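Observations on the model geometry
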Amino acid sequence: MHEPRRFSGNLDCSDPVVTIADRWAGYNRRPALEEVNFCLPRGSLVGVVGPNGGGKSTFLKVILGLVSPWRGTVSILGKRPREGRHLLGYVPQREDVDWRFPVNALDVVLMGTYGRIGLVRRPGKGEAEFALHCLARVGLADNARRQIVELSGGQQQRVFIARALAQKPQALLLDEPVSGVDAVSQHAIFELLEALCEQGVAVLATSHDLSCVAGRFQRAVCLNRRIVAYGAPEDVFTTDILSETYESHFLTVKAGNTSYVVGSELLNR
Amino acid sequence: MSWVLSFLTASVGLLLEPLRFSFMLNALVATVLVAIVCAVIGTFVVLKGLAFIGDAVAHASFAGIATAYLLGGNIYLGAGFAAVATATGIAFLSRRGRVSFDTAIGVLFVGAFSLGIVLMSRVRNYAVDLLNFVFGNVLGVGQEDVILVGVMSFVVLGIVFVLYKELLFYAFDAEMASVVGLPAALLHYLILVLLAITTIVAMKVVGIVLVVAMLVTPPAAAGLLTKRFSRMMLVGTFFSIAGAVIGLYLSYYIAVPSGAAIVLVDTCFFLIALALPRRLSLGPEPQKAAALTRGR
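To keep things clear, this report deals only with the structure shown in the data block. Residue numbers here run from 1 along each chain, matching the order of that chain's written sequence. The naming scheme follows written order: chains are lettered A onward, ligands numbered 1 onward. Residue-level local features of this predicted model are given only where pLDDT is at least 70; pairs of side-chain atoms are given and counted only at 80 or more, and the full residue set underlies all totals for whole chains, interfaces and linings. Each side-chain value is worked out from all heavy atoms of the structure, with water and hydrogens disregarded.

Bringing the overall build of chain B into the picture now. Put simply, DSSP H or I for four residues or longer makes a helix, DSSP E for two residues or longer makes a strand, and each gets a number counted from the N terminus. When helices and strands are tallied, chain B shows 14 helices and zero strands. The order of helices and strands in chain B, counted from the N terminus, is α-α-α-α-α-α-α-α-α-α-α-α-α-α. The C-alpha radius of gyration of chain B comes to 20 Å, within 12% of the 19 Å expected for a compact globule of 296 residues. Seen through its C-alpha atoms, chain B measures out along the principal axes to roughly 65 × 55 × 30 Å. Burial analysis of chain B (296 residues in total) assigns 48% to the buried set. When we talk radius of gyration, it's over C-alpha atoms, and the globule rule is simply 2.2 Å times the number of residues to the 0.38. Each residue is assigned to one of three classes by its accessible area relative to the maximum for its type, calculated with a 1.4 Å probe on protein chains only: buried under 20%, partly exposed between the two thresholds, exposed over 50%.

In structure tokens:
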């Protein structure tokens, strides 16, 4: 009798933008990610869920080449992260941004074009117009000249999405894009992400909100250092998988096409 | 009408009078150059929270000065070497993140400063020279110092001008700068090396202890009044030049140390900017600012 090999993600998907094979990474000799296998298909909307400290942010940073890996490979359209990552838009966690920095919305979006312009050269009229166009796409054309600290949480998040758009990305990576954002902005952000998917941009977002992922995303990654499950939310948000992911008890309730998740972390503590 | 004219002649006379002396002319040129460079680099220092490093680099460079003094070498070269070494050392430690950042700086800079004092105590004019370097002596600035300060200022400002967009992006969001394809590691070291050169340039004028105030105070005052990076840099430079000129004249007419006078004028600018009604000072609203500090 042989032990069934434990699940560690899968690599088979058609037309992948990002592929990760057997990736390990960590900080100070403690692993944050183990044996991660993953692929992100073009035009898909994928949510990453898992407990705090389960490696959600590290997962994104490994793809972006911001965390040096222990082993394994990441490929972005066949290129290594350092060569391919300019094809990835990134929206960092709100807490990682210095909102008091004296820049306005347009300045931030313009930064998305810097990689294309090359060293030393200054952004010109063309870049400014394109940046304004990106701001208009997220519905913030009228706020171009406002300092980022004056914007609401949802607007700030959309400015960063506009900056990612200014990179003309193949994939968009967002770290907790809707946490601390009001319901109206949340809806606007998802409409935007869905529109991007339809245009062929792959979207990968972390979230701590399971019902949001269940309702809005096509696929979900359950991550707790390793990938516990990867598939359609209705398939992977089962009591067993979620309990394994969160190392605690979960109840899932299905009503029509929507699954609702009831967490009871207290039971286990 | 005549009293207006005589008032004007008198004030012009007061302004020109000190410049009869070549040492005052040298001092004025050197101080204004230093003021400009400090404000430009200081804008990055304020926004990136590098004040403590700036202080450390200035203090640590004292070890280099003392060594150059003992060996009879060029003082600027010694100071520059020590400053750049400290700055890159701190940059290296901070990228590795093995020791707490503040602790590493604290250990390094007081250690190097003490080494400087010990070495300096072996020199004959110990007390006088020590004071000159610690508190600055702008009146001792000679022709060749002015040329050196001019060249170094030109180099620092030139680099900031050429790499303005990269430095701005790096200062705002280092991770994203590297994702987009900018050489983030290089920019990290570059900012600290520019900071090191700036402190050396400023040292002769304001001294090791006061350098940090020239770096931080004018841009901080400007930051309270402006919304955009470029404007913060420009307004900060204006404050810095005004503070330098006013401070220098004060030191001439009421016979006080020039470095301290300049820093005090800068401090007044800062306090005035702070006291302006919030409507004018376009900074974040208090409630929002509190939320931000909680988040960080």
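Another aspect to go through is the interface of chain B and chain A. Pairs of residues are marked as contacts when any of their non-hydrogen atoms sit within 4.5 Å. Every contact between the two is made by 30 residues of chain B and, on the other side, 37 residues of chain A. Across the chain B to chain A interface the summed buried area is about 3200 Å²; carbon plus sulfur atoms make up 62%. Among the residues of chain B in contact with chain A, B:Lys165, B:Phe172 and B:Val179 are the three that bury the most area, contributing 24% of the side total. Here, a salt bridge means any side-chain nitrogen of Lys or Arg that lies within 4 Å of a carboxyl oxygen of Asp or Glu. Taken together, chain B and chain A are joined by four salt bridges. A:Glu150 is the partner of B:Lys227 in a salt bridge, and the nearest nitrogen-oxygen pair spans 2.9 Å. In protein, a polar contact requires one atom able to donate a hydrogen and another able to accept it; more generally it is a pair of N or O atoms within 3.5 Å, and residues adjacent in sequence count only if both atoms are side-chain atoms. Remark: the boundary between chain B and chain A carries 10 residue pairs in polar contact (both at pLDDT 80 or more). When residues of the side of chain B that touches chain A are traced back to their parent elements, those giving at least two are α7 (143-162), α8 (164-172), α9 (174-180), α12 (229-253) and α14 (286-295) of chain B. Put simply, buried area is how much 1.4 Å-probe accessible surface two parts lose in total, over both of them, once they are put together.

So, about the pairing of strand β3 (residues 45-49) of chain A. Residue and element names in this part refer to chain A. Burial of β3 is extensive: five of the five residues sit out of reach of the surface. Side chains Leu45, Gly47 and Val49 of β3 all project onto a buried face; the interleaved residues Val46 and Val48 project onto the opposite face, where all are buried too. Here β3 runs beside strand β7 (residues 202-206); their pairing, made up of four bridges, is parallel. Its bridge partner lying in β7, Leu45 is registered against Val203. In this scheme, strands are said to pair when DSSP sees at least two bridges between them. Sheet topology places β3 next to strand β8 (residues 219-224); four bridges connect them, and they run parallel. The residue of β8 that forms the bridge with Val49 is Cys222.

We now examine the pattern of salt bridges. Counted according to the given criterion, the structure contains 12 salt bridges over all chains. Between B:Arg228 and A:Asp107 there is a salt bridge; the shortest N-O distance is 2.6 Å. Highlighted residues: B:Arg228 in the loop between α11 (211-225) and α12 and A:Asp107 in helix α3 (residues 105-111), drawn from two different chains. On the accessibility criterion, A:Asp107 (11% relative accessible area) is buried. Between A:Glu194 and A:Arg216 there is a salt bridge, with its nearest N and O atoms 3.2 Å apart. Here A:Arg216 lies in helix α8 (residues 210-216) and A:Glu194 lies in helix α7 (residues 183-198), a separation of 22 residues in the sequence. Here the salt bridges share partners, and the residues they tie into one network are A:Arg146, A:Glu150 and B:Lys227.

Each pair of packed helices gets described by two things: the angle between the helix axes and the distance between those axes. Residue and element names in this part refer to chain B. Between the N-to-C directions of two axes lies an angle of 0 to 180 degrees, each axis being a line fitted to C-alpha atoms and, for a helix, fitted only over the stretch in contact. α11 packs onto helix α3 (residues 51-71) with a crossing angle of 155 degrees between their chain directions and a minimal axis gap of 8 Å. In terms of orientation, α3 and α11 fall into the roughly antiparallel class. For α3 against α11, the interelement crossing comes out right-handed. Contact with α3, carried on its side by Ala51, Gly54, Asp55 and Ala58, involves Val211, Val212, Leu215 and Val216 of α11 and no other residues of that element. As a working rule, the residues Ala, Val, Leu, Ile, Met, Phe, Trp, Tyr, Cys and Pro are called nonpolar, Asp, Glu, Lys and Arg charged, and the rest polar, with Gly in that last group. Residues that form the contact of α3 with α11 fall into these classes: six nonpolar, one polar and one charged. Here roughly perpendicular refers to angles of 65 to 115 degrees, roughly parallel to angles under 35, roughly antiparallel to angles over 145, and oblique to all remaining angles. The hand of a helix crossing depends on one turn: near helix anticlockwise from the far one by less than a right angle means left-handed, and clockwise means right-handed.

Our next topic: the sheet that holds β3(A). Either a parallel or an antiparallel arrangement is found when strands of a sheet pair, and the pairing is made through backbone hydrogen bonds. Residues and elements named next belong to chain A. With mixed pairing, the six strands of this open sheet are ordered in space as β5-β6-β7-β3-β8-β9. The open sheet is flanked by β5 (88-91) and β9 (226-231), the only strands paired with a single partner. For this sheet the average axis-to-axis angle between neighbouring strands, irrespective of direction, equals 15 degrees. By the bridge criterion, four bridges tie strand β6 (residues 171-174) to β7 in an arrangement that is parallel. Each residue of the ladder has a partner; that of Ala171, found in β7, is Ala202.

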